[in-house]
Structures are given as structure tokens and as C-alpha cells.
Amino acid sequence: MNVPILDLQQQYAALKPELDAALLRVAESQVLALGPEVEAFEQEIADYLGVKHALGVSSGTDALLLALMALGVGPGDEVIVPTFSFFATAGVVSRLNAVPVFVDIDPVTFCMDPEQFRAKISDKTKAVMPVHLYGQVAAMREINAIAAEHGITVVEDAAQSIGAMYDDGRRAGALGKVAGFSFYPTKNLGAFGDAGLVTCDDDDLYYMLKIMRIHGGEQRYVHRVVGGNFRMDALQGAVLRIKLQHLDAWTDRVIELAGMYSQLIIKAGLAEEEGLTDFDANNRVLLPAAVHRDSGVRHFHVYHQYVLRVQQRDELIGFLRERSVGAGVYYPIPFHRQECFQDLPSSRDAYPVSDHAAEHVLALPIYPEMSEEQLRFVVDSIAAFYDRA
Ligand SMILES: Cc1ncc(COP(=O)(O)O)c(C=O)c1O
């Protein structure tokens, strides 16, 4: 049975008439960058997220870069980031000649450890960037409290967590001063190419974000500050408006699939419960934990990825590939081990939880159109691998 890690063809087939009409509408309008489709999307997604302002931009990377630029992050400023994330989280800091300062992650949530954040604060710390990794919100209450104590600005990297809710029912992207989202096609809400979003409640910050999205001026050819070209394509706005209407239903289904994965893996005798952090004879794989499940909120973890930790990972990936089952490793090398960051002081510190994650994480196929039969085949394949061993 073929089980790809993601199948966008099925999503497109289901929405084809609506999406094709939207594409045609944009083509016929010939308003191709920003414009009414993007403005309508910004309004709709701001309402969905529960934020005052949403600004459509060119990618998730640009969303984070623009957020830091609008906050005035620059040479010598330190920005605290988890060492275990997608490259953009730290890359945007370095691009502004600021210094990414790495911290380790929590072994259960894979998100920034708040106490490690506290330990890395210096008088140069300007911002902290928690990442809601794999679709689960970081410990924002603790992070916000520590940041407030020290006058540090909180920038959420919400690239992987559209729709995810914290235990108080507020959504990712509404929990810090400013947030960046990605709509890269593989994300839970994916565009037809690159696109991203910045959200905030603060009117002054929004003004800066808005002018810096187009080279820092209110009026064409009059530049108040130096910005960039971070415009969202009209096409992406039109596509995202349609997909946004389906997001909650997709998320419900993905949460259901994640629950099935965990149950079946436990039933197969490969793990005892979710959220354990050490391998032993009864836990040959470690299951992800949805820490806010008991809070009563609906989308406590939106499973952009369903991530196990496994032993003999390379062999298992090879075995799954032979059975046409996709699997991914996000991310094999933490920031403190990346060649480009070797000169940073914080690369010399130890990050045992991130190193352990980098060595063992394995993302399984998960997407709303996936069948239960496919999911069972993935679990049976993993069980077959370990039974053989
Ligand atoms: C955690 C995280 N941050 C930032 C980004 C950057 O988003 P984009 O790929 O849209 O530039 C991504 C996207 O993969 C991500 O996963």
C-alpha cells in the first residue's frame, strides 16, 4: 500500500471547482500582488485567530524577518531561540546581524524550555522566539511572564501551528507581541506556493509592519524607514481564503488520526503511553504528547507533524520506504551543530534534549484525507520492523 507522507493531490481534487474559480478570478482581475483578495484574507484570518491585525506576506521566513525588522532588532541584539527548529527561526536573526542565542527544548513538547530561556537572558536580549513546533503551543504563560519581568519582546514562530490553541482557548499567533505564520504548501493551511502572515494587536507595530512590507514608505517612492519587498501574491490570498473555510474540519480529522496512531502503537506493544521520554523494553518507540488535551480546548495540538522518537531510525526509514510508506526527519541537525553557527558563543553549550530529538525523531504520514486503512498499514509496518529486530 502506498502511504505518502503528504498527499496534496487529494486536497486539490476535493476543492478543485472552488480553487479553479478563484484562480481564474485573480487572472481576470489582473490585480496580482496584494489587492482585495489579500485584504479579505487578512480580515478573515485575523477574525479566525482572534487578533486585531494580520498582514499577508511572501513567506513564513519573511514574516519572521519582517517582525524582527519592525521591532528594530539589529546588530548586537540577542534573540533567544530554541536550538531545535526549522532553520528560518535562527536564520532571520542572523540576517539582521543580531545574535541568535540557543536554548534547549522540553523533552515532552519539543518546544522551548522556559527555564533555559531565563538562564540565557543578558542585557543584550531584545526578543525571545518560542516555536510552536509540530503544531503544539509552547509554554507561553511561563515564557510571557519571564519576558515581561525582563522587558523582552515575545515573537511567536507560529509557522507550524495555524489553528492550535493554548489551554486558555486563545490561538497560536495571539499569544505574544507579534507572530509569524507560514503557508508553504505542506503546512496545515497551504498556499499554491510561498506565502506567510504576520499578526499582532499593537497599532503602532502594525503600522511599521505594513510600511516595511513595501520598502518602508506610506507613499510610493517616499521612504520613512528601510523595509523590503514582502508582498503576498493575490493568488495566494484567493487560495488561502478558500482553504481557511476547511481548516477546522481538517484539524479535527488530523487530531483524530493522531489519536488513532497512538492507540494502535500502544496496542501493538511498542509503547505504554504518550509523552514518555526514555526508551526501554516496553517503549521501543516514544509517542508524542498533547499536553493541553485535558484543558477542554478543541485544537490543543494541530499535528502539523505526528512525531515519534524511535531507535534504529535509518533502518526503520529504509524498511518503511520498501513498503512505500513515507516518513520524515524534522530536524536532523540542531542549530548549535550547524556549520554557519559555529562562531556563536551559545553553540558551545550543551543541548542534550535537542541532540536526543535530532537523533530519534520520525514524522509519520498525517493529512486529513489519509484513510484509516493507510494509517493501520503504517503502524503494522513499524511493528513488523521491530518484531523482526
Ligand atoms: C518553525 C518554522 N519557522 C519558519 C518557517 C519558514 O516558513 P517558510 O518556509 O514559509 O519561509 C517554517 C517553515 O517551514 C517553520 O517550520
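What counts and how
- Residues numbered from 1 in each chain as written.
- Predicted model: local features only at pLDDT ≥ 70, side-chain atom pairs only at ≥ 80, totals over all residues.
- Heavy atoms only, no water.
- Buried < 20%, exposed > 50% of the residue type's maximum accessible area, 1.4 Å probe, protein only.
- Helix = DSSP H or I, 4+ residues; strand = E, 2+ residues; numbered from the N terminus.
- Pairing = 2+ DSSP bridges.
- Domains from an automatic or database assignment.
- Contact = heavy atoms within 4.5 Å.
- Buried area = accessible area lost by both parts, 1.4 Å probe.
- Salt bridge = Lys/Arg side-chain N within 4 Å of Asp/Glu carboxyl O.
- Polar contact = N/O pair within 3.5 Å; in protein donor to acceptor, adjacent residues only side chain to side chain.
- Nonpolar A, V, L, I, M, F, W, Y, C, P; charged D, E, K, R; others polar.
- Near = heavy atom within 4 Å.
- Areas by Shrake-Rupley, 256 points an atom, 1.4 Å probe, with all protein chains shown as cover.

## With respect to the pairing of strand 6 (residues 178–182)
- The buried count for strand 6 comes to five of five residues, which makes it a mostly enclosed element.
- Side chains V178, G180 and S182 of strand 6 all project onto a buried face; the interleaved residues A179 and F181 project onto the opposite face, where all are buried too.
- As defined by bridge partners, strand 5 (residues 153–157) adjoins strand 6 across three bridges and the pair is classed as parallel. Among the inter-strand pairings, D157 is bridged to a residue of strand 6, identified as G180.

## Observations concerning the domain arrangement of the protein chain
- Considered domain by domain, the protein chain is made up of domain 1 (8–241) and domain 2 (247–388).
- The straight-line distance from the C-alpha centre of domain 1 to that of domain 2 is 25 Å.
- Taken together, the contact pairs 48 residues of domain 1 with 41 residues of domain 2.
- Buried surface at the junction of domain 1 and domain 2, both sides included, amounts to about 3800 Å², of which 64% is carbon and sulfur.
- Contact with domain 2 buries surface across domain 1, with F102, Y134 and N188 losing the most and accounting together for 18% of the total.
- At the boundary of domain 1 with domain 2, the tally comes to two salt bridges.
- Between R171 and D248 there is a salt bridge, with its nearest N and O atoms 4.0 Å apart.
- Viewed at the interface, domain 2 and domain 1 are joined by 21 residue pairs in polar contact (both at pLDDT 80 or more).
- Contributing elements (two or more residues each) for the side of domain 1 that touches domain 2: helix 1 (8–29), strand 2 (78–82), helix 4 (88–95) and strand 3 (99–103).
- Take the side of domain 1 that touches domain 2: its biggest share by element is five residues, from strand 3.
- Looking at the side of domain 1 that touches domain 2 residue by residue, the classes come out as 25 nonpolar, 16 polar and seven charged.

## A word on unusual backbone geometry
- The linkage connecting Y330 with the following residue, Y331, adopts the cis geometry, with an omega of 15 degrees.
- Mapped onto the secondary structure, Y331 falls in the loop between helix 9 (313–322) and helix 10 (352–360).
- The backbone of Y303 sits at a positive phi, close to 45 degrees, despite the residue not being glycine.
- Note that Y303 resides in the loop between strand 8 (285–286) and strand 9 (306–310).
- For S324, which is not glycine, the phi torsion reads 60 degrees and is therefore positive.
- For S324, the position within the fold is in the loop between helix 9 and helix 10.

## Remarks on helix 3 (residues 60–70)
- Counting buried residues in helix 3 gives 10 out of 11 residues, a clear majority hidden from the surface.
- For helix 3, the complete set of buried residues consists of G60, D62, A63, L64, L65, L66, A67, L68, M69 and A70.
- On its buried face, helix 3 sits against strand 1 (53–57), helix 4, strand 5, strand 6, strand 7 (196–200) and helix 7 (203–213).
- Where helix 3 begins, the side chain of S59 points an oxygen toward the backbone nitrogen of T61, at a separation of 3.4 Å.
- At the exit of helix 3 stands G72, carrying a positive phi of roughly 80 degrees.

## Some thoughts on the site of the ligand
- Near the ligand, the surroundings consist of 15 residues, among which G60, T61, D157, S182 and K187 are the closest.
- Within the side chain of T61, one N or O atom sits 2.5 Å away from an oxygen atom of the ligand.
- When the free accessible area of the ligand is taken as 390 Å², the share hidden by the protein chains comes to 92%.
- When residues of the shell around the ligand are traced back to their parent elements, those giving at least two are helix 3 and helix 4.
- The greatest single-element share of the shell around the ligand, amounting to three residues, is contributed by helix 3.
- Of the residues in the shell around the ligand, the class split is six nonpolar, seven polar and two charged.

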